[in-house]
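A closer look at the structure
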Amino acid sequence: MKKSYNVAVVGATGVVGQTQLCVLEERRFPVAELRPLASGRSAGQMVRFRGRDVEVREATPDAFAGVDIVFFAATAELSKTLAPEAVRRGAVVIDKSSTWRMDPRVPLVVPEINPEAVAKHEGIISCPNCTTIGFVMALEPIRRLAGVRSVTVTTLQAVSGAGREGIEELAAQERAAADGKEAPEPHAFARPIFENVLPLCERFRDDGYSTEEVKLLDETRKILSDPEIKVAMTCVRVPVPVGHSCSMLVETVRPVTPAAAQAALAAFPGVRLVDDPSHNVFPTPLDVSGRDEVLVGRVRRDLTSDRLWLWSVIDNLRKGAATNAVQIAEELIARKLI
Ligand SMILES: NC(=O)c1ccc[n+]([C@@H]2O[C@H](COP(=O)([O-])OP(=O)(O)OC[C@H]3O[C@@H](n4cnc5c(N)ncnc54)[C@H](OP(=O)(O)O)[C@@H]3O)[C@@H](O)[C@H]2O)c1
């Protein structure tokens, strides 16, 4: 088994790609050579890694020669065309786009929940959507404790979930408002996001659901290997820089008290219970930004049924994307699958 690996990051100049470089460094991932890749627009730019500047190259099939692991954090189209090229050249791909997630040949992995799924990979492993990861990380401890029949969830998603363009759009609208100018036409979001809340993430399908909402349902079922679990959802974009929140109402199979649910959440790896209403202690996006744990609080019994309320927050760029991807790579190494 190798002791260190040649690693490419496709999308190294984007918000997830930049976080990817930080997380690889922080976790001392055994990188022999780092190959940051992006579009031709960024070729020649420098990114920082382990205190050095490393030149960005254009992502082309030949850029994967000699690479062991490729983290894709670019666009869905690029993953579709280039991920098979990387696999053809002998690399394992860990993809953060939506392209391969529902492909039956591709494992969809949250290492705290279904690490064993990595063993079935045929070259590509997918990372779930950032919202799905925050959701299932809070749900799984309850599911293991009492089974889950159905969940009704509303997500409140940060603008960085839409990448660099989403962050810049909020900032531009904020600046325009401060200067008393008219805001530029929105591009990343369908309507202005500054001082607003949009019940739309990504785009609407013909049935009135957003593509993001359907991902949350389909991906949850695949990760949990439970095609019957009922998830009723509304995904909402909010003017928050980083941190996706979920308000969820969970119907369990067996009765569960809030205290037992809190204990299960506190004991689950990667989850931190932040729940003390008597001292106004509950998790918020500001609390989770820069952290890898999913924070969960507001655990309480519904006043009109036996269901449980939970509130979770996740840093969408770290555990929602980059950290989860590195954990998958660590799992591959631990299981000698690379
Ligand atoms: N943002 C999140 O919270 C989040 C969470 C989970 C998963 N994801 C997924 O992660 C991926 C990256 O998202 P992001 O938010 O980091 O987006 P972003 O900030 O917009 O960055 C996009 C990256 O992709 C590169 N890219 C775009 N078109 C390319 C092309 N034709 N060839 C090569 N590189 C190209 C860009 O390079 P240039 O700088 O050269 O344009 C940039 O590095 C997406 O698939 C997204 O769905 C995002």
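Residues numbered from 1 in each chain as written. Predicted model: local features only at pLDDT ≥ 70, side-chain atom pairs only at ≥ 80, totals over all residues. Heavy atoms only, no water.

**Some details on the site of the ligand**
The immediate surroundings of the ligand are formed by 25 residues, with Thr13, Ser39, Arg41, Ser42 and Ser160 found nearest. Measuring from an oxygen atom of the ligand, one finds a side-chain N or O atom of Thr13 at 2.5 Å. Coverage of the ligand by the protein amounts to 82% of the 890 Å² it exposes when considered alone. Contributions of two or more residues to the shell around the ligand are made by helix H1 (15-26), helix H4 (163-178) and helix H8 (318-334). A breakdown of the residues in the shell around the ligand according to their chemical character gives 10 nonpolar, 12 polar and three charged. (Near = heavy atom within 4 Å. Polar contact = N/O pair within 3.5 Å; in protein donor to acceptor, adjacent residues only side chain to side chain. Areas by Shrake-Rupley, 256 points an atom, 1.4 Å probe, with all protein chains shown as cover. Helix = DSSP H or I, 4+ residues; strand = E, 2+ residues; numbered from the N terminus. Nonpolar A, V, L, I, M, F, W, Y, C, P; charged D, E, K, R; others polar.)

**Considering the packing of helix H3 (residues 130-146) against helix H6 (residues 258-267)**
A pair of packed helices can be characterised by two numbers: the angle between their axes and the separation between those axes. It is at 9 Å that the axes of H3 and H6 come closest, and there the two elements cross at 120 degrees. If you check the angle between H3 and H6, you find them oblique. For the element pair H3 and H6, the recorded crossing hand is right-handed. The segment H3 lies against H6, with Ala138, Pro141, Ile142 and Leu145 engaging Ala260, Ala261, Ala264 and Leu265. Split into classes, the residues belonging to the contact of H3 with H6 amount to eight nonpolar, no polar and no charged. (Axes fitted to C-alpha atoms, helices over the stretch in contact; angles between N-to-C directions. Parallel < 35°, antiparallel > 145°, perpendicular 65-115°, else oblique. Left-handed = near helix turned anticlockwise from the far one by under 90°. Contact = heavy atoms within 4.5 Å.)

**Thoughts on the sheet that holds strand S7 (residues 92-95)**
One open sheet accounts for six strands, arranged S5-S2-S1-S6-S7-S8; its pairing is parallel. Every other strand in the sheet has two partners, leaving strand S5 (57-58) and strand S8 (124-126) as the edge strands with one partner each. As judged from the two bridges shared by strand S2 (residues 31-38) and S5, these two strands associate in the parallel manner. Its bridge partner lying in S5, Leu37 is registered against Arg57. In the packing of H1 onto the sheet, the strands contacted are strand S1 (5-10), S2 and strand S6 (69-72), and the crossing angle to S1 comes to about 155 degrees. (Pairing = 2+ DSSP bridges.)

**Thoughts on the nonpolar core**
Membership of the largest hydrophobic core comes to 37 residues, with the highest contact counts inside it found for Phe135, Met248, Val250 and Leu310. Secondary structure elements with two or more residues in this core: H3, strand S9 (148-157), helix H5 (211-223), strand S10 (230-237), strand S11 (244-252), H6, strand S13 (294-301) and strand S14 (308-314). For this core, the element with the most residues is H3, which contributes eight residues. Ala12, Phe71, Ala325 and Ala329 belong to the second largest nonpolar core, which has 31 residues in total. (Core = buried A, V, L, I, M, F, W, Y, C linked by side-chain atoms within 4.5 Å. Buried < 20%, exposed > 50% of the residue type's maximum accessible area, 1.4 Å probe, protein only.)

**Things to note about unusual backbone geometry**
One can expect most non-glycine residues to show negative phi and most peptide bonds to be in trans. Backbone geometry at Glu195 places phi at a positive 55 degrees, although glycine is not the residue there. Of note, Glu195 is situated in the loop between H4 and H5. A positive phi angle, near 55 degrees, is found at Asn280, a position not held by glycine. Secondary-structure assignment places Asn280 in the loop between strand S12 (271-273) and helix H7 (285-288).

**Description of the sheet that holds S9**
With mixed pairing, six strands are arranged side by side in an open sheet as S10-S9-S11-S14-S13-S12. At either margin of the open sheet sits one strand with a lone partner, and together these are S10 and S12. This sheet shows a mean twist of 20 degrees between the axes of neighbouring strands, independent of strand direction. Lying over the sheet, H3 contacts S9, S10, S11, S12, S13 and S14, oriented at roughly 30 degrees with respect to S11.

Any functional reading would require information beyond the geometric quantities listed.
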